[in-house]
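Understanding the architecture of this molecule
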Amino acid sequence: QVQLVESGGDLVQTGGSLRLSCAASGGLFSTYIMAWYRQAPGKEREWVAGIGGGGSTHYANSVKGRFTISRDNAKNTVYLQMNSLKPEDTAVYHCNAVRDTVRYWGQGTQVTVSS
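Residues numbered from 1 in each chain as written. Predicted model: local features only at pLDDT ≥ 70, side-chain atom pairs only at ≥ 80, totals over all residues. Heavy atoms only, no water.

Digging into the overall build of the protein
Helices and strands together make up the secondary structure of the protein, namely zero helices and eleven strands. Order of helices (α) and strands (β) in the protein, N terminus to C terminus: β-β-β-β-β-β-β-β-β-β-β. The C-alpha atoms of the protein give a radius of gyration of 13 Å, which matches the 13 Å a tight globule of 115 residues would have. Taken over the C-alpha atoms alone, the protein extends approximately 40 × 25 × 20 Å along its principal axes. Buried positions account for 41% of the 115 residues belonging to the protein. In the protein, the proportion of contacts linking residues at least 24 apart, taken out of those at least 6 apart, comes to 54%. Surface accessibility of the protein: about 6100 Å² in total, with carbon and sulfur atoms responsible for 47%. (Helix = DSSP H or I, 4+ residues; strand = E, 2+ residues; numbered from the N terminus. Rg over C-alpha atoms; globule rule 2.2 N^0.38 Å. Buried < 20%, exposed > 50% of the residue type's maximum accessible area, 1.4 Å probe, protein only. Contact = heavy atoms within 4.5 Å. Areas by Shrake-Rupley, 256 points an atom, 1.4 Å probe, with all protein chains shown as cover.)

Structure representation (structure tokens):
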């Protein structure tokens with residue numbers, strides 16, 4: 001079993017930056033595809049970014065050019081660097097790990113961007 005713990009969420013002003021971290025334990029981290037999702041109040045969960053074991057990255061159009069996903073397999077950690085934050089980025093951000101048919105979720109970290 002894999003456990004995922006997110007951290008780094010905070011209250012920031014528009015235009016600010018945050019770096020989210022997701023620490024994994026209990027599995028072979030390098031074999032998992034990692035991703036970040038977010039869910040704002042009253043809205044459906046939205047895929048934000050993903051990164052494969054080989055380092056390939058993909059982003060939702062809403063964050064492309066502002067967010068960067070990365071991973072450090074030695075530290076069993078995936079990151080989401082968020083720059084030029086907007087109020088619309090306000091959400092609970094969840095880390096996700098996938099391998100084959102198995103999927104794991106973290107409990108989330110709150111990001112709030114003030115106007």
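Side note on the state of the cysteines
Following the criterion strictly, the structure yields one disulfide and no others. Disulfide pairing is shown between Cys22 and Cys95; the S-S distance is 2.1 Å. What sets the handedness of the Cys22 and Cys95 disulfide is the S-S torsion sign, and at about -85° it is left-handed. Here Cys22 is found in strand E3 (residues 18-25), whereas its partner Cys95 is found in strand E9 (residues 91-99), with 73 residues between them in sequence. Exposure class is identical for Cys22 and Cys95. Each is buried. (Disulfide = S-S within 2.5 Å.)

As for the packing of aromatic side chains
By the definition in use, this model includes two aromatic pairs. When the centroid spacing of 6.1 Å and the interplanar angle of 65° are considered together, the rings of Tyr32 and Tyr104 count as edge-to-face. Linking Tyr32 in the loop between E3 and strand E4 (33-39) with Tyr104 in strand E10 (residues 102-105), this pair joins segments that are 72 residues apart in sequence. Given the relative accessible area of 5%, Tyr32 is considered buried. We classify Tyr104 as buried; its relative accessible area is 12%. Of note, Arg19 hangs over the ring of Tyr79, and the distance from its end group to the ring centre comes to 3.9 Å. Here the basic side chain of Arg45 rests over the ring of Tyr37, its NZ or CZ set 5.6 Å away from the ring centre. (Phe/Tyr/Trp six-rings, centres within 6.5 Å; stacked < 30°, edge-to-face > 60°. Lys NZ or Arg CZ within 6 Å of the ring centre and 35° of its normal.)

Overview of the sheet that holds E3
Across the sheet, which stays open at both edges, the four strands sit in the order E1-E3-E8-E7 with antiparallel pairing between neighbours. The sheet terminates laterally at strand E1 (3-7) and strand E7 (67-72), the two strands that pair on one side only. With strand direction ignored, the average angle separating the axes of adjacent strands in the sheet is 15°. The pairing of E3 with strand E8 (residues 77-82) spans six bridges and is classified as antiparallel. (Pairing = 2+ DSSP bridges. Axes fitted to C-alpha atoms, helices over the stretch in contact; angles between N-to-C directions.)

Here's the deal with the nonpolar core
The nonpolar side chains of a soluble globular protein tend to be buried with one another. Core analysis: the largest hydrophobic core is formed by 31 residues, its most contacted members being Leu4, Met34, Trp36, Val78, Leu80, Met82 and Tyr93. Going through the elements one at a time, E3, E4, strand E5 (46-51), E7, E8, E9 and strand E11 (109-114) are the ones with two or more residues in this core. (Core = buried A, V, L, I, M, F, W, Y, C linked by side-chain atoms within 4.5 Å.)

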